[in-house]
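Okay, here's what each chain looks like letter by letter:
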Amino acid sequence: MAGRVEGKVAFITGAARGQGRSHAVRLAQEGADIIAVDVCRNVSGSDVIAGSAPEDLAETADLVKGLGRRIVTAEVDVRDFDALSAAVDSGVEQLGRLDIVVANAGIGNGGDTLDKTSEADWGTMIDINLSGVWKSVKAAVPHLLSGGNGGSIVLTSSVGGLKAYPNTGHYIAAKHGVIGLMRSFAVELGEHSIRVNAVCPTNVNTPMFMNEGTMKMFRPDLENPTVDDFRPVAQFMHVLPIGWVEPVDISNAVLFLASDEARYVTGLPLTVDAGSTLK
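As annotated in an unreviewed UniProt entry, the chain carries the name Putative short-chain type dehydrogenase/reductase and comes from Nocardia aurantia. Regarding the chain, the UniProt comment filed under Sequence similarities (unreviewed entry) reads as follows: "Belongs to the short-chain dehydrogenases/reductases (SDR) family."

See below:
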């Protein structure tokens, strides 16, 4: 079914690479124009995973344009509400409307138990992965309301928003909080025909997961674990025989939630987890 979001405009955070880029491309393939933002630099407190760069956001723009769709980009930190608002305002002015919000930007940092997690790591995690999601939606809602056409908001949570894992407690807390945000926004915005849902991915083949720090967390018994060392341990998390999913698997879920096929779906934490929440 082509054109599932034809003529609509989507605002996507964390769009320079990984899941965010995949979401932008997938929605563009189905007819949407894109407002894409990303911080495009390393974030203090998450230095274990190199941040995106301006060139990454430019590549996302080229991919969307190559599909014949329009895109407006901005380098924005989701902790900065004024900058988010300005980016959305500018995007809507140029593209004419707003229909879809994908609050995707997030980080991974640390690796300690909660009692040993630093205040800096805790603060950065909550500020970006929870407060940044709230600020992203807050910046976009006025445009959804003024458009009068309803809309779809999709928040990126995680299987870690539904269950706990050790040594990532600050991440778990933030992603559980995203589920609370999703449900609250769904209740508050439902009367305006604005639907709010969350995607809850398992491990995804992006730089945030496929990196040396994560591999060492999964295989502390090895000094320099490889992808092949990593795979069987990651697979153990799942019912299906895989260690991780691909970004497009999450994007297909986002597309469904953004489309009219999900017109009466709201308040849903949609897992794309290979059965992880069954274990």
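Having seen it, we continue.
1. Looking at the pattern of salt bridges
Taken as a whole and assessed by the stated rule, the structure comprises twelve salt bridges. A salt bridge links E59 to R21, with the nearest nitrogen and oxygen atoms 3.5 Å apart. One end of the pair, E59, is in helix α2 (residues 54–66); the other, R21, is in helix α1 (residues 18–29), and 38 residues separate them in sequence. Across the pair D228 and R231 runs a salt bridge whose closest N-O atoms are separated by 3.8 Å. Of this pair, D228 and R231 both sit in helix α7 (residues 227–235), three residues apart, which is roughly one turn of that helix. Judged by its relative accessible area of 58%, D228 is exposed.

2. Notes on the layout of surface pockets
Taken as a whole, the second largest pocket spans an internal volume of roughly 270 Å³. Looking at the second largest pocket, it is lined by 18 residues, and the ones nearest its centre are N149, G151, S193, R195 and R263.

3. Here's the deal with the packing of α1 against α2
One can describe the packing of α1 onto α2 by two numbers: an axis separation of 9 Å at closest approach and a directional angle of 15°. For the element pair α1 / α2, the angle class is roughly parallel. Seen along the crossing, α1 lies across α2 with a hand that is right-handed. Where α1 approaches α2, its residues R21, A24, V25 and A28 are matched on the opposing element by D56, E59, T60, L63 and V64.

Conventions and cut-offs
- Residues numbered from 1 in each chain as written.
- Predicted model: local features only at pLDDT ≥ 70, side-chain atom pairs only at ≥ 80, totals over all residues.
- Heavy atoms only, no water.
- UniProt positions renumbered as here; feature names shortened; annotations may be inferred.
- Salt bridge = Lys/Arg side-chain N within 4 Å of Asp/Glu carboxyl O.
- Helix = DSSP H or I, 4+ residues; strand = E, 2+ residues; numbered from the N terminus.
- Buried < 20%, exposed > 50% of the residue type's maximum accessible area, 1.4 Å probe, protein only.
- 1 Å grid on protein atoms, 1.4 Å probe; cavity = no way out; pocket = protein on both sides within 12 Å on 5 of 7 lines; lining within 4 Å.
- Points joined across faces, edges and corners; volume = space filled by probe spheres on them.
- Axes fitted to C-alpha atoms, helices over the stretch in contact; angles between N-to-C directions.
- Parallel < 35°, antiparallel > 145°, perpendicular 65-115°, else oblique.
- Left-handed = near helix turned anticlockwise from the far one by under 90°.
- Contact = heavy atoms within 4.5 Å.

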